[in-house]
Amino acid sequence: MSTMKAAVLYEIGTSPKYDEFPEPKEHGDFVKVSMIASTIKQLDRGRVSGRHYMKYTKFPTAVGIDGVGRLEDGQLVYCFGDGMIAEKSLVEKGKYAPLSNDVDPYIAAALPNTLLGSDMALLFRAEIKKGDVVLVNGATGVTGSVAVQIAKIRGASKVIAAGRNEEALKKLQADYGVDEILVLNSEEGVAAQMKQILDKQPIDIVLDYLWGQPTEMIIKSIVAQKQYHVTKIVSVGEMAGSSINLPSAALRSTAISILGSGLGSFPATQMHTYYKEHLNELLLLAKQGKLKVDIKIIDLKDIEKEWLVNEKSVRTVVKIN
């Protein structure tokens, strides 16, 4: 049996190890891809730790859900599947996005998942329109920082960045043209800031990576305005808590609409179509410096020691081949 090097998980709640693992065999509609780069994301860490609803259940297993590689005919592709932090993986025929040969494979590995949590959420769940006012709740993380840029690219007239770190929020203003910031410091502080923001104009979309108390405070502020306006709150993450206290009256007295955005909220075909239609154009913007994602590149052999190093504003890219 042929083997390869991979990030191998032996037990839930432990870190993957750099180890030998059986090389996958092509079967049916699945073809082999030689992986160049993959990434470590919150989703990957959640699956490995057992906290995510898509946690691993069979061991040993190679981890990783997406990456950039080459098909046997030499075509560079972004692909989505199982066991992608490995020298070889399998991808279903046609279920990948062909990439231009001149793209940076490490940026091409890092960007797509941030787009799933930002651009796809805005396009397909929030249905963003030109002129919308967008609040990104949890804007200082990797996906949040991409979201503030993508919202502008998709036509938002104003982008508000919310987070706890005021310095990081001001950096988003300086680097990405964020229009206003919302510092999540206290209930009274958030209420005062939100009133100032909402007195100018209502918010159309809240793209939410935090949930928990920060989202409760934002909803309370919208309710307190006592103004009819459709505000779509799209939950993409739960970095501040997995639940909120939501009185029924908050929904009955406003036009707030609460939606989720994640792997289960899109048909698989929509994701594949999105990447095929939009990924290369967004990678071109990244190449031109008009869309930025900060990355840290590590070697596959260092996977175990780097697994729990979680730099929130940087996407860790695993160099494989």
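Residues numbered from 1 in each chain as written. Predicted model: local features only at pLDDT ≥ 70, side-chain atom pairs only at ≥ 80, totals over all residues. Heavy atoms only, no water.

## Quick word on the UniProt feature "domain: Enoyl reductase (ER)" (unreviewed entry) in the protein chain
Under the local residue numbering, the UniProt record ascribes the feature "domain: Enoyl reductase (ER)" (unreviewed entry) to residues 13–318. The span residues 13–318 shows a helical share of 35% and a strand share of 25%, and its end C-alpha atoms are spaced 20 Å apart. (UniProt positions renumbered as here; feature names shortened; annotations may be inferred. Helix = DSSP H or I, 4+ residues; strand = E, 2+ residues; numbered from the N terminus.)

## So, helix 6 (residues 187–200)
For helix 6, spanning 14 residues, the distance from its first C-alpha to its last is 20 Å, which sits close to the expected 20 Å at 1.5 Å a residue. For helix 6, the full list of buried residues reads Gly189, Val190, Gln193, Met194, Ile197 and Leu198. In a view along the axis of helix 6, the buried residues occupy a sector of 150 degrees, so they form one face of it. Turned more than 90 degrees away from the buried face of helix 6 sit Glu188 and Gln196, all of them exposed. Against the buried residues of helix 6 lie strand 9 (133–137), strand 10 (158–163), strand 11 (180–183) and helix 7 (212–224). (Expected span 1.5 Å × (residues − 1). Buried < 20%, exposed > 50% of the residue type's maximum accessible area, 1.4 Å probe, protein only. Arc of directions from axis to C-beta. Contact = heavy atoms within 4.5 Å.)

## Some words on the pairing of strand 16 (residues 315–319)
Within strand 16, four of the five residues are buried, which leaves the element mostly enclosed by the surrounding structure. By the bridge criterion, five bridges tie strand 15 (residues 295–299) to strand 16 in an arrangement that is parallel. Within strand 16, the position partnered with Ile297 by the bridge is Val317. (Pairing = 2+ DSSP bridges.)

## Overview of the pattern of salt bridges
Summed over all chains, the structure comprises 21 salt bridges. With a closest N to O distance of 3.1 Å, Lys296 and Glu311 form a salt bridge. In this pair, Lys296 sits in strand 15 while Glu311 sits in the loop between helix 10 (303–306) and strand 16, placing the two residues 15 residues apart along the sequence. Given the relative accessible area of 22%, Lys296 is considered partly exposed. Classification of Glu311 as partly exposed rests on a relative accessible area of 36%. Linking Asp302 and Lys301 is a salt bridge whose minimum nitrogen-to-oxygen distance equals 3.6 Å. (Salt bridge = Lys/Arg side-chain N within 4 Å of Asp/Glu carboxyl O.)

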